[in-house]
Amino acid sequence: MKLRKMFLLTLVCVVFVSFATHSSASPEGRYQYVEHGKDVAGELVLFSAEDLGSIVKIQTVSTDGYTCEFAGLCAFREEKIICVNADVLDDSSRFIEIHRLGNTLEITRAYSGVCGLHGAVTGKYIKK
């Protein structure tokens, strides 16, 4: 009975460490925009700056010439990444929300001003 409890405890610890390691894996890197196929091309770059924390740069352009551009600081909250730009810190509704999905990042929320009239920035970005 005691051996069985030790085995279960060890198994729970291994599973917990596995999940903790998996969820804390760094999402830093370059990602290619894949949401709108050939109509929109773009890239998301997420990297760490020693004193500032994490920085994101996002750029997309459509075949019609509509563009989106964002650069800002990011904070990690569970599987979400919340990014703000220094120019809009006075307005708490102006942020970008990114969800982590393995080797994919998905922008699920952006605010007006990031894109031109018909630009697209929300959607999936796959790690290069």
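Whatever comes next refers back to the structure up there.
Attention here is on the structure that accompanies the text. Quantities reported herein were computed from a predicted structural model and do not represent experimental measurements. (Residues numbered from 1 in each chain as written. Predicted model: local features only at pLDDT ≥ 70, side-chain atom pairs only at ≥ 80, totals over all residues. Heavy atoms only, no water.)

## Concerning the overall build of the protein
Cut-off, in case you're wondering: Only DSSP runs of H or I covering at least 4 residues are called helices, and only runs of E covering at least 2 are called strands; the numbering of each starts at the N terminus. Burial classification: accessible surface area is computed with a 1.4 Å probe over protein chains only, and a residue below 20% of its type maximum counts as buried, one above 50% as exposed, and the rest as partly exposed. Contacts are residue-level and defined by heavy atoms, with any inter-residue pair within 4.5 Å sufficient. Only the protein chains shown count as cover for residues, and all accessible areas are computed by the Shrake-Rupley method using a 1.4 Å probe.
Assigned secondary structure in the protein consists of one helix and eight strands. Helices and strands in the protein line up, N terminus first, as α-β-β-β-β-β-β-β-β. A buried classification covers 30% of the 128 residues belonging to the protein. Sequence separation of 24 or more characterises 35% of the internal contacts of the protein that already satisfy a separation of 6 or more. Surface exposure of the protein reaches about 8,600 Å², of which carbon and sulfur atoms provide 56%.

## Details of the side chain of Thr 104
Within the secondary structure, Thr 104 is located in strand β7 (residues 104-109). Take Thr 104: its relative accessible area is 16%, and that puts it in the buried class. Contacts of Thr 104, omitting those with residues within four sequence positions, involve His 99, Lys 124, Tyr 125 and Ile 126.

## Considering the packing of aromatic side chains
Just so we agree on the cut-off: Two aromatic rings, drawn from Phe, Tyr or Trp (for Trp, its six-membered ring), form a pair once their centres lie within 6.5 Å of each other, and the interplanar angle then sorts them: stacked below 30 degrees, edge-to-face above 60, tilted otherwise.
Under the criterion given, the structure shown has two aromatic pairs. Geometrically, the ring pair formed by Tyr 33 and Tyr 125 is tilted, given 4.7 Å between the ring centres and 50° between the ring planes. With a gap of 92 residues between them, Tyr 33 in strand β1 (residues 29-33) and Tyr 125 in strand β8 (residues 123-127) connect regions that are remote in the sequence. In this pair, the class of Tyr 33 matches that of Tyr 125, namely buried.

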